[in-house]
Amino acid sequence: MKKVTATGQSVEEAVNLALAQLNSTKDRVEIEVEDEGKKGFFGLFGARKAIVHVTLPPDPIEETLGFLKNVCMEMGVNAQINVTRKGKNVTFHLSGDKIALLIGKRGQTLNSLQYLAQLVANRYSKQFLNITVDAEDYRSRRNDTLIQLAERMANKAMKTGKAVSLEPMPSYERKVIHNALLDYPKIKTTSSGTEPYRHLVITPLK
């Protein structure tokens, strides 16, 4: 958080001077007017300058980016991080050497990074941000694997007539499987258990 105090012949002038110091825009800052100032007699006698305090809150994206860079450094991974944003959806794309360390077994490390990044971003954001942390397009490859798993387990459930329980996975991965099986009229998918052991159950319909 950065805060500057500025003075000017008017509140507007003082605010503009503060914005120049912060290299920011009016919509991103918080403005507190200490003194609106006074022109004085003939613009000279009794004149008093306006005083404002302008605060630039931490940027949630920059804070999250800094967090991820620090984690990568602590893990000994020299990663490049690119950020894309579409409305409330923000994705941090990680690439570089030793990237497998950031992914972990079945994406567990990456999922933990994403969870922590979500906490950091929304700590500083006034509106909820949906954070995704990806590494070398792992999310896309994982989605393809989940869809193949979903189809294979659905066919198994229909063939055996028995429900099939999948391994515990995060809610967004369960959603991938659920969506992949929406066109299977002879089965239904439900979530069972509590986090972090919540898993999907594929049940054949009679």
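Check the entry above for the structure.
Residues numbered from 1 in each chain as written. Predicted model: local features only at pLDDT ≥ 70, side-chain atom pairs only at ≥ 80, totals over all residues. Heavy atoms only, no water.

1. Description of the pattern of salt bridges
In the structure shown here, the tally under the stated rule is six salt bridges. Among the ionic pairs, Glu167 bridges to Arg106, the shortest N-O distance being 2.4 Å. Here Glu167 is found in the loop between β7 (164–165) and α6 (171–180), whereas its partner Arg106 is found in the loop between α3 (100–103) and α4 (108–124), with 61 residues between them in sequence. One salt bridge in this structure joins Glu167 and Arg142, with 3.8 Å as the shortest N-O distance. Of the two residues, Glu167 is situated in the loop between β7 and α6 and Arg142 in helix α5 (residues 138–160); the sequence distance between them amounts to 25 residues. Classification of Glu167 by relative accessible area gives partly exposed; the value is 30%. Using a relative accessible area of 12% as the deciding quantity, one classes Arg142 as buried. Residues participating in the shared-partner salt-bridge network are Arg106, Arg142, Glu167 and Glu173. (Salt bridge = Lys/Arg side-chain N within 4 Å of Asp/Glu carboxyl O. Helix = DSSP H or I, 4+ residues; strand = E, 2+ residues; numbered from the N terminus. Buried < 20%, exposed > 50% of the residue type's maximum accessible area, 1.4 Å probe, protein only.)

2. Section: the nonpolar core
Counting 23 residues, the largest nonpolar core has Leu68, Phe92, Leu94, Ile99, Leu102, Ile131 and Val133 as its most contacted members. Elements supplying a minimum of two residues to this core: α2 (60–74), β4 (79–86), β5 (89–96), α3, α4 and β6 (130–135). When residues of this core are assigned to their parent elements, the largest contribution, five residues, is made by α2. Discounting chain neighbours no more than four positions away, the residues touching Leu102 are Cys72, Met75, Val77, Ala79, Leu94, Thr109, Leu110 and Leu113. Ala150, Ala154, Ala157 and Leu181 belong to the second-largest nonpolar core, a separate cluster that totals 14 residues. (Core = buried A, V, L, I, M, F, W, Y, C linked by side-chain atoms within 4.5 Å. Contact = heavy atoms within 4.5 Å.)

3. Considering unusual backbone geometry
Unusually for a residue other than glycine, Asn23 sits at a positive phi of about 55°. Within the secondary structure, Asn23 is located in the loop between α1 (11–22) and β2 (30–35). In the Ramachandran plot, Asp137 falls in the positive-phi region, its phi being about 60° despite a non-glycine side chain. Tracing the backbone through its elements, the reader meets Asp137 in the loop between β6 and α5.

4. Remarks on the packing of α2 against α4
At a closest axis distance of 8 Å, the pairing of α2 and α4 adopts a crossing angle of 145°. Crossing of α2 over α4 shows right-handed handedness. Each of Pro60, Glu63, Thr64, Phe67, Leu68 and Val71 in α2 lies in contact with α4, whose residues at this interface are Leu113, Leu116, Ala117, Val120, Ala121 and Tyr124. Of the residues contributing to the contact of α2 with α4, the split by class is 10 nonpolar, one polar and one charged. (Axes fitted to C-alpha atoms, helices over the stretch in contact; angles between N-to-C directions. Left-handed = near helix turned anticlockwise from the far one by under 90°. Nonpolar A, V, L, I, M, F, W, Y, C, P; charged D, E, K, R; others polar.)

5. A few points about the sheet that holds β2
An order of β1-β3-β2 is seen for the three strands of this open sheet, with the pairing classed as antiparallel. The sheet terminates laterally at β1 (2–8) and β2, the two strands that pair on one side only. Within this sheet the neighbouring strands show an average axis-to-axis angle of 20°, counted without direction. Looking at chain direction, β1 and strand β3 (residues 50–56) are connected through seven bridges and run antiparallel. Paired with Val4 across the two strands is Val54, which belongs to β3. Contacting β1, β2 and β3, α1 runs over the sheet at an angle of about 140° to β1. (Pairing = 2+ DSSP bridges.)

Everything listed here is a matter of geometry and, on its own, says nothing about what the molecule does.
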